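Residues per chain, in single letters:
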Amino acid sequence: WAQALHPLALRQQVFFPDKRLMQWDCGKLQVLDRLLRQLHAGGHRCLIFTQMTRMLDVLEAWINIAGYTYLRLDGSTRVEDRQRLM
């Protein structure tokens, strides 16, 4: 009966796509990628605001994959440090 449970166990597994393909699953990340490439080529810096920490997590993962240098400021960053880092 172990063989009968195998298809059930297989259906319960969660498969995650390759993180390097993340931007292709989201049109907004595709646009952000083009924009950041243009700004980076021109020697500019970029500041991205979001209200949701989870969105910062997604952006941070994508920025790491894209190879950009970044500084994350969120609710865990002390106000004094935030002012100094900006």
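Within every chain, residues take consecutive numbers counted from 1 along the sequence as written. Totals for whole chains, interfaces and linings use every residue, but because this is a predicted model, local features are given only for residues with pLDDT of at least 70 and side-chain atom pairs only at 80 or more, for both listing and counting. Based on all heavy atoms of the structure, the side-chain values leave hydrogens and waters out of the count.

Two aromatic rings, drawn from Phe, Tyr or Trp (for Trp, its six-membered ring), form a pair once their centres lie within 6.5 Å of each other, and the interplanar angle then sorts them: stacked below 30 degrees, edge-to-face above 60, tilted otherwise. All told, the structure shown has one aromatic pair when counted by the stated rule. Note on Trp 62 and Tyr 68: the rings are 6.3 Å apart at their centroids and 45° apart in plane angle, and the pair reads as tilted. Of the two residues examined, Trp 62 and Tyr 68, each falls in the buried class. Each residue is placed in one exposure class: buried if its accessible area under a 1.4 Å probe, protein chains only, is under 20% of its type's maximum, exposed if it is over 50%, and partly exposed if it falls in between.

Mapped onto the secondary structure, Leu 35 falls in helix 2 (residues 27-41). According to the relative accessible area criterion, Leu 35 is partly exposed, its value standing at 40%. Each C-alpha atom, one on Leu 35 and one on Cys 46, is 9.6 Å from the other, the two residues being 11 residues apart in sequence. Secondary structure elements follow DSSP: runs of H or I no shorter than four residues count as helices, runs of E no shorter than two count as strands, and numbering proceeds from the N terminus.

Within the protein chain, residue pLDDT values average 78, and 72% of them lie at 70 or more. As a per-residue measure, pLDDT reflects the predictor's confidence and takes values from 0 up to 100. At the level of individual helices and strands, the protein chain shows its lowest average pLDDT in helix 1 (residues 2-12), which scores 56, and its highest in helix 2, which scores 89.

Moving on to the pattern of salt bridges. A side-chain nitrogen of Lys or Arg and a carboxyl oxygen of Asp or Glu constitute a salt bridge if their distance falls within 4 Å. Summed over all chains, the structure comprises five salt bridges. Between Asp 57 and Arg 54 there is a salt bridge whose closest N-O contact spans 3.7 Å. Of this pair, Asp 57 and Arg 54 both sit in helix 3 (residues 53-66), three residues apart, roughly one helical turn. Judged by relative accessible area, Asp 57 falls into the partly exposed class, the value being 29%. With a shortest N-O distance of 2.9 Å, Asp 57 and Arg 72 are connected by a salt bridge. On the criterion of sequence distance, the pair formed by Asp 57 in helix 3 and Arg 72 in the loop between helix 3 and helix 4 (79-85) is long-range, its members being 15 residues apart. What you see here is one network of salt bridges that share partners, running through Arg 54, Asp 57, Glu 60 and Arg 72.

Now for a nonpolar patch on the surface. What goes into a patch is any residue over 30% in relative accessible area without a salt bridge, connected to like charges within 9 Å or, for nonpolar side chains (Val, Leu, Ile, Met, Phe, Trp, Tyr), within 5 Å. In short, Shrake-Rupley with a 1.4 Å probe defines the accessible areas, and a residue's cover is counted only from the protein chains shown. Nonpolar side chains collect at one region of the surface, where Leu 47, Phe 49 and Met 86 lie side by side and expose about 400 Å² of accessible area between them. Positionally, Met 86 belongs in the segment after helix 4. Of the residues examined, Met 86 reaches a relative accessible area of 59% and is grouped as exposed.

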